[in-house]
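The residues making up each chain are set out below.
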Amino acid sequence: MPHNRFRRVHSVLTALSLGAASAVGLAQPAQAMNYTAATLSTWTVTDSATPTTPSVQPAGDVPLGTTVDAAGTRHTNRAYFTFDVSAYRGQAVHVAGLWTSEAKVADCATAAPIEVWRTGKVTAKSTWRTPPKDLELVDRRTLGNGSTCPAHLDVDVARYVTEALARKEKTITFGIRVSPAAESDPRAARTLQPARLSMSTNHVPTVRGPHLKNPDRPCGTLTEHPTAGDLTYFTATTTDADPNSYPGATFELWPVDRPDQRTRIGTGGGAEPVASTYLRSFADGTVLGWSVQPADHDDVGAWAKTCYLTVDNTAPAAAPLIVPRKYTETSYPGAGGPGVAGAFILDAQGDQDVVGFEYTEQGRSIPTRVKAGHPGGHAKISVTPQASGPFQLKVRSLDRAGNGSPWQTYTFYVRDTAPALEVDVTGVGTTSTITLTAPAAEVTSFGYTVDGGAETRVPAVAGVGTSHIVFTSKGVKTVVSRSYAGTKMIGSGSRTFTVDDAPKVTSPEFLSSPQPLLGTEGTFAFAPRTTGVVGYLYRFADETGSGAEQRVEAAADGTATLRWTAETPGYHGLTVVSVTADGTRSSADVEQFWVTDTRPYVYSEAGTCCPVLDAVGRPLTVWLSSDLPDVDHFVYSFDGGPEQTSDQGQSLSVTVTPTHVGNSSFTARAVRADGTKSPATTIDIYITNAPLVTTKGPYADYAVLGRESTLTFKPETPDVVGYRYYWGFEPETARTVDAAANGSATVTWTPTEEGTDILNVRAVSRDGTESDLRQIYVETYDPVVDYTGTWTAGTPSGGIGVAGQLGFFADRGGMLDATVKYLWHVDGGPVQETTRIEDTLVTYTPYTPERSGANTLYVQRQFTDGVLSPVRQFQLMVGTEPAVRSAEYPKGLWSGGAGVPGTFHFSGGTAGIVSYDYRFGDNVTGTLVTGTVAADATGAADVVFTPPQNYTWYTVNVTGRRADGTTTATSISYSFGTAAG
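Below is a summary of the structure that appears in this document. (Residues numbered from 1 in each chain as written. Predicted model: local features only at pLDDT ≥ 70, side-chain atom pairs only at ≥ 80, totals over all residues. Heavy atoms only, no water.)

**Some points on helix α1 (residues 158–166)**
Line of reasoning, step 1. Where α1 is concerned, the buried positions are Ala158, Tyr160, Val161, Ala164 and Leu165. Seen along its axis, α1 keeps its buried residues to an arc of 165 degrees; they face one direction.
Line of reasoning, step 2. Against the buried residues of α1 lie β5 (91–105), β6 (112–119), β7 (134–143), β8 (152–156), β9 (171–178) and β11 (196–203). (Buried < 20%, exposed > 50% of the residue type's maximum accessible area, 1.4 Å probe, protein only. Helix = DSSP H or I, 4+ residues; strand = E, 2+ residues; numbered from the N terminus. Arc of directions from axis to C-beta. Contact = heavy atoms within 4.5 Å.)

**As for the environment of Ala462**
Line of reasoning, step 1. Checked against the element boundaries, Ala462 lands in the loop between β30 (456–459) and β31 (464–470).
Line of reasoning, step 2. Residue Ala462 is classed as exposed on the basis of its relative accessible area of 80%.

**Focus on the state of the cysteines**
Line of reasoning, step 1. Summed over all chains, the structure comprises two disulfides.
Line of reasoning, step 2. Shown here is the disulfide that connects Cys108 with Cys149, its sulfur atoms set 1.9 Å apart. On the sign convention where negative is left-handed, the bridge of Cys108 and Cys149, at about -75 degrees about the S-S bond, is left-handed. Of this pair, Cys108 sits in the loop between β5 and β6 while Cys149 sits in the loop between β7 and β8, and the two are 41 residues apart along the sequence.
Line of reasoning, step 3. Its relative accessible area of 25% is what places Cys149 among the partly exposed residues.
Line of reasoning, step 4. Here Cys219 connects covalently by a disulfide to Cys307, the sulfurs 2.1 Å from one another. Between Cys219 and Cys307, the S-S torsion sits near -105 degrees, and that sign places the bridge as left-handed. Separated by 88 residues along the polypeptide, Cys219 in the loop between β12 (206–213) and β13 (227–228) and Cys307 in strand β19 (residues 307–311) bring together distant segments of the chain.
Line of reasoning, step 5. A residue is classified by how much of its surface remains accessible, and Cys219, at 7% relative accessible area, is buried. (Disulfide = S-S within 2.5 Å.)

**Regarding the environment of Val590**
Line of reasoning, step 1. Within the fold, Val590 resides in strand β41 (residues 589–595).
Line of reasoning, step 2. For Val590, a relative accessible area of 52% corresponds to the exposed category.
Line of reasoning, step 3. As for Val590 and Thr73, which are separated by 517 residues in sequence, their C-alpha atoms are 91 Å apart.
Line of reasoning, step 4. In this view, Val590 contacts Leu574 and Thr575; residues no more than four positions away in its chain are not counted.

**Observations regarding unusual backbone geometry**
Line of reasoning, step 1. Of note, the bond from Cys149 into Pro150 is cis; its omega dihedral lies within 30 degrees of zero at -5 degrees.
Line of reasoning, step 2. Mapped onto the secondary structure, Pro150 falls in the loop between β7 and β8.
Line of reasoning, step 3. The omega torsion across Ser513 and Pro514 is -5 degrees, close enough to zero to call that bond cis.
Line of reasoning, step 4. Mapping Pro514 onto the fold places it in the loop between β34 (504–506) and β35 (521–527).
Line of reasoning, step 5. Backbone geometry places Asn214, a non-glycine residue, at a positive phi of 55 degrees.
Line of reasoning, step 6. Here Asn214 shows up in the loop between β12 and β13.
Line of reasoning, step 7. Asn214 sits in the partly exposed class, given a relative accessible area of 40%.

**Quick look at the sheet that holds strand β64 (residues 883–885)**
Line of reasoning, step 1. The sheet built from three strands is open, its strands ordered β64-β66-β69 with antiparallel pairing. Only two strands of the sheet have a single partner each, and these edge strands are β64 and β69 (941–945). When the angles between neighbouring strand axes are averaged without regard to direction, this sheet yields 25 degrees.
Line of reasoning, step 2. In terms of strand pairing, β64 meets strand β66 (residues 902–907) through three bridges, oriented antiparallel. Within the sheet, the bridge partner assigned to Val884 lies in β66 and is Phe906. (Pairing = 2+ DSSP bridges. Axes fitted to C-alpha atoms, helices over the stretch in contact; angles between N-to-C directions.)

**Points about the packing of aromatic side chains**
Line of reasoning, step 1. As enumerated under the stated definition, the model contains 47 aromatic pairs in all.
Line of reasoning, step 2. Here Tyr702 and Tyr781 contribute two aromatic rings whose centre-to-centre distance is 5.6 Å and whose plane-to-plane angle is 80 degrees, an arrangement assigned as edge-to-face. Linking Tyr702 in the loop between β49 (692–696) and β50 (703–704) with Tyr781 in strand β56 (residues 774–781), this pair joins segments that are 79 residues apart in sequence.
Line of reasoning, step 3. Overall, Tyr702 belongs to the buried group, its relative accessible area being 7%.
Line of reasoning, step 4. Given a relative accessible area of 22%, Tyr781 falls into the partly exposed group.
Line of reasoning, step 5. Relative to Trp824, the ring of Phe808 has its centre 6.2 Å away and its plane inclined at 50 degrees; by these criteria the two rings are tilted. (Phe/Tyr/Trp six-rings, centres within 6.5 Å; stacked < 30°, edge-to-face > 60°.)

Next up, the structure:
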């Protein structure tokens with residue numbers, strides 16, 4: 001059944017306390033809603049014609065209202081349904097829908113008022129005379145009489161189910177009847193399917209065990225609780241009885257003497273949510289209360305009990321003392337060794353606030369905490385370095401609130417005592433060799449373990465130990481090695497090795513440098529990495545796909561040799577598995593290699609689309625390259641012509657000119673540094689007989705939107721009488737044009753859309769044959785002007801009287817060179833003309849706004865043929881920034897000097913200015929002078945400023961103020977420099 005997805009607070013039943021909790025906003029946990037149907041435990045239909053006869057759990061549908069049987073007896077029926085709701089104890093009820101459907105209706109035109117009642121339980125003695133007791137009316141509905149008929153009856157009974165559960169009742173019963181006013185009318189009678197009760201419920205999450213962590217401290221009571229300070233972590237344990245539900249939690253904190261300052265400090269998810277906050281804003285000694293509330297997707301649970309803490313933000317002042325027991329050496333060669341534990345004493349030096357320590361080891365970012373033996377005392381820790389060389393230990397003291405002292409750092413040097421370990425892994429079930437080498441002279445033996453197994457000891461002979469090992473399975477193996485001086489372990493290390501039973505595949509010709517050449521003959525050697533190998537299955541693959549699996553038998557020692565010739569160039573793969581007598585396959589070894597083609601690569605774009613550009617007499621490019629080493633140049637011939645020599649290079653292009661349509665052969669060979677030539681590569685280059693097509697707009701080869709352009713077709717085949725052409729990919733729209741006596745034709749057209757289109761053209765000969773298809777791109781550009789400048793349609797800029805610039809450009813299709821000048825005006829102002837500046841993209845012209853707010857720029861351009869482009873509009877948002885001018889200190893220039901006064905004129909910005917606030921400053925000292933000056937009747941004012949320093953850059957900031965106290969934007973762009981004076 002559908003239900004409201006918005007979070008609601010519901011009563012928590014039985015074990016949960018009744019009442020509502022305030023809703024909280026959390027990251028969405030997983031949905032926890034349960035969709036079920038309550039069990040219909042029993043039902044009855046009472047009959048007025050048999051008032052003392054019970055009819056419990058009758059078969060079939062349920063009659064309601066009055067019917068008359070064949071004997072003329074009137075039967076008035078009512079139905080009662082008892083549902084078992086005990087399974088929903090402890091859940092919030094979101095939806096409870098009592099529903100049924102009409103199976104049969106006496107008269108759909110007759111209104112049938114229906115009543116639903118909550119009643120007493122159905123029993124074996126329930127009859128018309130002793131029915132279940134009516135307890136409360138739940139709902140009234142009207143069926144028939146124009147509504148859908150037969151109809152569905154769906155009644156919301158969530159409140160009644162929730163109240164029944166609150167009363168700890170196991171069942172709930174609903175009675176359905178025709179209302180008394182119509183119950184005796186046979187036209188209102190109907191038959192219903194047995195009622196159902198659909199439920200949408202949710203176990204409300206709970207929370208327990210709130211406490212502080214890092215370090216762990218209890219919840220506490222108002223009279224006895226922990227201290228906390230600085231960054232404090234709060235946590236608890238949440239539970240939810242629904243499967244796949246992961247509740248979240250909200251944490252709140254407040255001063256106990258100011259509960260109105262209760263504040264959310266964070267939210268968390270998972271079974272143990274965590275929130276953190278800084279307590280620096282609270283004075284030491286402040287007592288805070290805090291609590292946590294759980295929530296899932298649908299409900300929020302009750303708040304946990306209130307916990308308390310006392311704020312302590314004062315950390316221990318002194319760093320602890322670190323006393324090493326083993327690792328006392330701070331320089332090479334050091335002490336101890338990798339894998340050798342060493343004890344350290346951490347001493348609080350009598351500081352009674354210190355109750356523990358926190359330390360980090362080199363290579364570990366997460367700190368470890370340890371308690372002191374007593375306040376102000378010490379703790380003993382053990383540190384085991386894993387590598388030789390410098391090692392750093394950092395320690396700080398902690399007070400009861402978790403506040404940390406300054407860090408104390410101790411750096412010591414770990415002696416190089418771990419053995420060097422190498423394992424020559426030969427496979428599974430075969431003998432592998434392990435070699436251990438001692439870096440320390442006193443080493444007498446070694447030990448090693450594999451995957452945590454028993455240790456094997458090996459004597460050290462001249463500092464080296466050798467042993468043999470048989471790996472019984474494949475996979476990643478961890479080998480831990482140790483050095484011993486007598487019986488004392490002085491260093492250890494660890495390495496992982498991959499053990500595999502895939503065969504070993506080698507080839508001097510194909511799997512080593514240099515890359516093999518096409519036609520190379522060679523061998524692949526297969527060696528076993530497991531026992532009992534009798535053969536190998538192998539499969540080659542190349543760029544065309546994978547070949548069939550084949551087999552080669554193994555010799556008595558399990559090896560095999562395969563002869564192979566590289567017959568195709570490019571990528572090759574080889575997959576090999578070994579096979580034992582019982583058919584067991586090993587893992588696969590996959591090798592990849594590249595076979596170099598001895599022939600050069602030759603390619604031409606002639607005949608490719610789009611566009612199709614090749615034609616008789618048009619030079620075309622042919623690309624040549626070779627993968628052979630030491631290629632110096634190429635020799636080539638075209639269409640049976642003489643052999644020619646290219647420029648030097650291993651990858652280059654040459655140009656040839658076709659003399660006829662159809663195929664022309666092109667042959668090339670690579671020439672190596674020693675003068676030897678590669679085998680030849682020959683390709684056919686097809687030259688189309690499609691007509692030549694050119695396009696001409698008013699200014700160049702491109703078309704201009706709204707302007708007439710021409711298309712010219714010239715034949716590449718004889719006796720052409722016309723052409724068929726169409727745009728895009730719609731040949732059904734093709735048009736025809738007759739050819740002139742010379743076989744050419746011209747078409748004029750005026751484009752209506754900007755963009756790129758494909759033009760398709762075929763020549764038609766007198767006998768009706770058609771040429772190849774010529775496809776070219778035709779570009780159409782919009783002649784309008786683009787704008788860039790001081791003002792845009794977005795954020796307002798400048799102000800009245802603040803000069804800026806307008807920039808005009810329009811380089812679409814090269815039309816910039818055809819542009820003579822720009823004609824423009826702002827709002828209703830006069831039209832201005834700005835001549836295009838040669839050899840620059842944007843032509844700028846100065847402009848000073850006359851009003852703030854939205855202004856409209858109208859601009860068009862005049863071309864070399866006198867034609868004007870369409871007018872384009874741009875919105876210019878002018879701000880309220882005042883204008884600043886100075887004759888003595890012009891904007892952006894070095895002038896004047898120290899002690900030379902300058903007059904600064906403030907104006908504009910907007911209408912109604914009565915005064916200006918100003919500031920003069922430099923880029924070293926900052927603000928030098930600030931003040932306010934009254935504006936005159938025109939809204940302008942003058943201020944005299946005398947710069948105090950030479951060779952200094954100054955900035956003026958000015959803000960206009962209106963009579964009502966509102967201000968303009970602040971001018972920030974006026975800067976100037978002082979010279980020597």
